Amino acid sequence: MKLDVFEVEMWMTEHENNCLYNLADSCVPSLSIQDLLEYCDNKDEIIRNLMETKLDYGPIIGSKEVREGILNLYKTGNIDQITICHGCTSAIELVIQTVLQPGDHMITVTPTYQIFYSYPESFGIEVDKIELKQENDWIPTIDDFESLIKENTKMIALVSPNNPTGKCLDNELLQEIVLLCKKHQLYFMIDEVYRGISYDYEMAVSDLYELGISVSSLSKCLGFAGLRLGWVKSNEQLIGLINERRDYTLISSGYLYDYLASIALKHYSAIIAKQIDRVHNNRVLLKEWLQQEDLLSGVVPEVGTMMFLKYHIPMDSKLLCTTLQEETGVFFVPGGCFGVENHLRFGIAGDWQEIHAGLEIFSKWLHQKAD
């Protein structure tokens, strides 16, 4: 099996720990255990439980408490339709390995998270990518999907809200794709890891369709990336097959992570409310800031934690990001990591003061390069 380099993750590994202004991160700011305990009335009991916790395997497919907490994020289902993974990436891997075989065909989009094409291609799976365009607000059409369906098509797989554009499938398009999948009996997987950072409810594909597969985690929207707690929600038959396969790779997430995740999920509503307010306020301020800029533009999404920022000077995106960080300490992920030049992945979920300071430095630097 030959895998292409996972460009965005490699870029993050090489650059994110050596910056002054991190404008690339797609997560909300990480919370500490102390931050989590501030939401709890029984702090002493939790601390005692943590100190007495044996660092064993823990519940293999996730504890009842964790799976019930996850189920509360959806409209339908039961806990037997949920299994736990090491983050959302692990969930995606397990779904692809379980559902698809060499010679199968799947449909995704570009730009998007590279695991949706490079990983299945490494198994001999044929992947067609719908090219998203900024002039269309980075949104595909139902005709784009329908035109690519073949006899061997088995799955449509997307990220919504998308990484790196931040754009979300609206409910009408989501329902249209579901009907298309029903017609052809296709699996429909959506990475919903950025779902929830919005005042409006975003539908989950596993609530709409028997062959719908929702994958997600606690990382991006809640601020618990370090727990490495992700999941798959789908029909019981598919979850059963995934649970058989996971024994070869995951075993379990560990009792400590499971316990902390159960606490985070118990207080999900209070935690996510603060994150929603933060990101909403950042969006408002960002739109105002961009109106003053002549060398930067982009579609500011109404959901999610990031956007694809376009710059208007003739410079390779990887060279721009490397030079910018070396000279100013401002860090972006280049659009070249997603196959799109003159764009940058821009995380909008952090502290606005840091974001604004970094943007001001970037703007000044960009104008100097344009002169």
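Residues numbered from 1 in each chain as written. Predicted model: local features only at pLDDT ≥ 70, side-chain atom pairs only at ≥ 80, totals over all residues. Heavy atoms only, no water.

Trainee: Looking at this structure, I do not really get the overall build of the chain. What am I missing?
Mentor: Across its full length, the chain carries 13 helices and 13 strands. Taken along the three principal axes of its C-alpha coordinates, the chain extends 60 × 60 × 40 Å. Within the chain, counting contacts between residues at least 6 apart in sequence, those at least 24 apart form 72% of the total. When the accessible surface of the chain is split by element, carbon and sulfur atoms take 48% of a total near 16300 Å². (Helix = DSSP H or I, 4+ residues; strand = E, 2+ residues; numbered from the N terminus. Contact = heavy atoms within 4.5 Å. Areas by Shrake-Rupley, 256 points an atom, 1.4 Å probe, with all protein chains shown as cover.)

Trainee: Would you take a moment to explain the sheet that holds strand β13 (residues 343–347) for this structure?
Mentor: Ordered by their spatial adjacency, four strands build an open sheet running β9-β10-β13-β12, and the pairing between neighbours is antiparallel. Only two strands of the sheet have a single neighbouring strand rather than two, namely β9 (296–297) and β12 (333–334). Bridge count for β12 against β13 is two bridges, and the pairing is antiparallel. Within β13, the position partnered with Pro-334 by the bridge is Leu-344. The strands that helix α11 (residues 268–290) touches are β9, β10 (306–311) and β13; relative to β10, the one it contacts most, it runs at about 5°. (Pairing = 2+ DSSP bridges. Axes fitted to C-alpha atoms, helices over the stretch in contact; angles between N-to-C directions.)

Trainee: Even after reading the chapter, I still don't get the packing of aromatic side chains, so can you show me in this structure?
Mentor: Two numbers describe a pair of aromatic rings. These are the distance of the centres and the angle of the planes. Within this structure, the stated rule accounts for eight aromatic pairs. Taking the centre distance of 5.1 Å and the plane angle of 75° together, the rings of Tyr-119 and Phe-123 count as edge-to-face. Owing to a relative accessible area of 29%, Phe-123 belongs among the partly exposed residues under this scheme. Each residue in the set Phe-332, Phe-346, Phe-362 and Trp-365 is aromatic and connected to the rest through ring pairs, giving one cluster. Stacked on the ring of Tyr-201, the Lys or Arg Lys-75 has its end atom at 4.8 Å from the ring centre. Over the ring of Tyr-117 we find Lys-129, and its NZ or CZ is 4.9 Å from the ring centre. (Phe/Tyr/Trp six-rings, centres within 6.5 Å; stacked < 30°, edge-to-face > 60°. Buried < 20%, exposed > 50% of the residue type's maximum accessible area, 1.4 Å probe, protein only. Lys NZ or Arg CZ within 6 Å of the ring centre and 35° of its normal.)

Trainee: Looking at this structure, I do not really get the nonpolar core. What am I missing?
Mentor: The nonpolar side chains of soluble globular proteins are, as a tendency, buried together. Among the nonpolar cores identified, the biggest contains 127 residues, and Phe-188, Leu-320, Phe-332 and Phe-362 are the most heavily contacted of them. The dominant element in this core, judged by the number of residues it contributes, is α11, at eight residues. If sequence neighbours within four positions are ignored, Leu-320 has contacts with Tyr-311, Ile-313, Met-315, Leu-344, Phe-362, Trp-365 and Leu-366. (Core = buried A, V, L, I, M, F, W, Y, C linked by side-chain atoms within 4.5 Å.)

Trainee: What is the right way to look at the packing of α11 against helix α13 (residues 352–370) in this model?
Mentor: To describe two helices that pack against each other, one gives the angle between their axes and the distance between the axes. Across the interface, α11 lies against α13 with an axial gap of 11 Å and an inter-helix angle of 20°. Between α11 and α13, the angle falls in the class roughly parallel. The way α11 lies across α13 gives a crossing that is right-handed. Contact with α11, carried on its side by Asn-282, Leu-285, Leu-286 and Trp-289, involves Trp-352, Ile-355, His-356, Leu-359, Glu-360 and Ser-363 of α13 and no other residues of that element. (Parallel < 35°, antiparallel > 145°, perpendicular 65-115°, else oblique. Left-handed = near helix turned anticlockwise from the far one by under 90°.)

Trainee: Which parts of the structure should I look at to understand the side chain of Thr-153?
Mentor: Turning to its location among the elements, Thr-153 is positioned in strand β5 (residues 153–159). In this structure the side chain of Thr-153 is engaged in a polar contact, spanning 2.6 Å, whose partner is the side chain of His-105. At 2.6 Å, the side chain of Thr-153 and the backbone nitrogen of Lys-150 are in polar contact. Those residues in contact with Thr-153 that sit more than four places away from it in its chain are His-105, Ile-107, Leu-148 and Leu-186. (Polar contact = N/O pair within 3.5 Å; in protein donor to acceptor, adjacent residues only side chain to side chain.)

Trainee: What am I meant to see in the packing of helix α12 (residues 317–328) against α13 here?
Mentor: Look at α12 against α13: their axes get within 11 Å of each other, and the N-to-C directions meet at 115°. α12 and α13 meet at a crossing whose hand is right-handed. Residues Leu-320, Thr-323, Leu-324, Glu-327 and Thr-328 of α12 pack against Ile-361, Phe-362, Trp-365, Leu-366 and Lys-369 of α13. Classifying every residue of the contact of α12 with α13 by side-chain character gives six nonpolar, two polar and two charged. (Nonpolar A, V, L, I, M, F, W, Y, C, P; charged D, E, K, R; others polar.)

Trainee: Would you mind showing me how to read the sheet that holds strand β6 (residues 187–191) here?
Mentor: Pairing between sheet strands relies on hydrogen bonds along the backbone, with the strands arranged either parallel or antiparallel. With mixed pairing, seven strands are arranged side by side in an open sheet as β2-β8-β7-β6-β5-β3-β4. Of all the strands in the sheet, just β2 (82–86) and β4 (126–131) have a single pairing partner and so form its edges. The mean inter-strand angle of the sheet, taken between neighbouring strand axes irrespective of direction, is 20°. The strands that helix α4 (residues 64–71) touches are β2 and β8 (229–233); relative to β2, the one it contacts most, it runs at about 105°. Set on the sheet, helix α8 (residues 171–184) makes contact with β5 and β6; between it and β6 the angle comes to about 150°.

Trainee: Could you clarify how one ought to interpret the pattern of salt bridges in this entry?
Mentor: If charged atoms from side chains of opposite charge come close, those side chains can pair. All told, the structure shown has twelve salt bridges when counted by the stated rule. Where Lys-369 meets Glu-327, a salt bridge forms, and the shortest distance between an N and an O atom there is 3.5 Å. Taken together, the residues Lys-369 in helix α13 and Glu-327 in helix α12 connect sequence positions 42 residues apart. Given a relative accessible area of 38%, Lys-369 falls into the partly exposed group. Through salt bridges that share partners, Glu-126, Asp-128 and Lys-150 make up one connected network. (Salt bridge = Lys/Arg side-chain N within 4 Å of Asp/Glu carboxyl O.)

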